[in-house]
Amino acid sequence: MRQALDEARAALATDDVPIGAVVLSPSGDVVGRGRNIREYAADPTGHAEVVALRQAAAARGEWRLDGHTLVVTLEPCTMCAGAAVLARVERIVFGAFDPKAGAVGSLWDVVRDRRLNHRPEVLSGVLAEQSTGLLEDFFRRHRLDGSLS
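Everything quoted here is computed from the prediction, not taken from an experiment.

Ordered in space as β2-β1-β3-β4-β5, the five strands form an open sheet in which the pairing is mixed. Of all the strands in the sheet, the pair left with one neighbour each is β2 (30–35) and β5 (121–124). Shown here is a sheet whose adjacent strand axes are inclined to one another by a mean of 15°, direction ignored. Against the sheet, helix α3 (residues 48–60) engages β1 (20–24), β2 and β3 (69–74), with an angle of about 150° to β2.

Here you go:
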């Protein structure tokens, strides 16, 4: 999670929401890294999880990430939770809950839907205070300077 937090901090340089992710191989090696790049790349799919999953799949040479773990600083949204399910990750570890858009237990629970053929294990709340702090600082700063509506 500390490496995902480093990625989240790096997103601040491009004025993206500070969310970071890493994908760990079954042996625990980092095989994918991602940070939000929606603003930087003008890409609505530029979420940290998608960036990290793409990098991990490229490193592996296939889209199936069996045995891999997705670690992310904020609870994944529906798109990212769906991408994790489709990539067949074994586990999702996240820091802060997202009551407005979270799809791993908060607002929805995409990854535990019994109708799906793959349901990753979930571990939540890991270094949640640090993840929440980064987000709160970012949004506080943007509200003060009027750049968020």
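So, next bit.
In total, this model carries two aromatic pairs according to the counting rule given. Relative to F97, the ring of F94 has its centre 5.1 Å away and its plane inclined at 85°; by these criteria the two rings are edge-to-face. Judged by relative accessible area, F94 falls into the buried class, the value being 0%. By relative accessible area, F97 is classed as partly exposed at 45%. Judged by centre distance (5.0 Å) and plane angle (85°), the rings of F138 and F139 are edge-to-face.

Attention now moves to the pattern of salt bridges. Per the counting criterion, the structure on display carries 10 salt bridges. Between E90 and R91 there is a salt bridge, and its shortest N-O distance comes to 2.9 Å. Exposure remark for E90: the relative accessible area of 36% places this residue in the partly exposed category. Residues joined in a network through salt bridges with shared partners are E7, R33 and R35.

Parameters and conventions
The numbering scheme is per chain: residues are counted from 1 as the chain's sequence reads. The predicted origin of the model limits local features to residues at a pLDDT of at least 70 and limits the giving and counting of side-chain atom pairs to 80 or more, whereas totals for whole chains, interfaces and linings rest on all residues. Neither water nor hydrogens contribute to the side-chain values; these are computed over all heavy atoms in the structure. A pair of strands is treated as paired once DSSP finds two or more bridges between them. Put simply, DSSP H or I for four residues or longer makes a helix, DSSP E for two residues or longer makes a strand, and each gets a number counted from the N terminus. Where helices are involved, their axes are fitted lines through C-alpha atoms of the stretch in contact, as for all axes, and angles between N-to-C directions lie from 0 to 180°. Throughout, a residue-residue contact means that at least one pair of heavy atoms, one from each residue, lies within 4.5 Å. Working definition: rings of Phe, Tyr and Trp (its six-membered ring) pair if their centres are within 6.5 Å, and the pair is stacked with planes under 30 degrees apart, edge-to-face with planes over 60 apart, and tilted otherwise. Exposure categories follow from relative accessible area, calculated using a 1.4 Å probe and restricted to protein chains: below 20% of the type maximum is buried, above 50% is exposed, and the middle band is partly exposed. For this analysis, a salt bridge means a side-chain nitrogen from Lys or Arg found within 4 Å of a carboxyl oxygen belonging to Asp or Glu.

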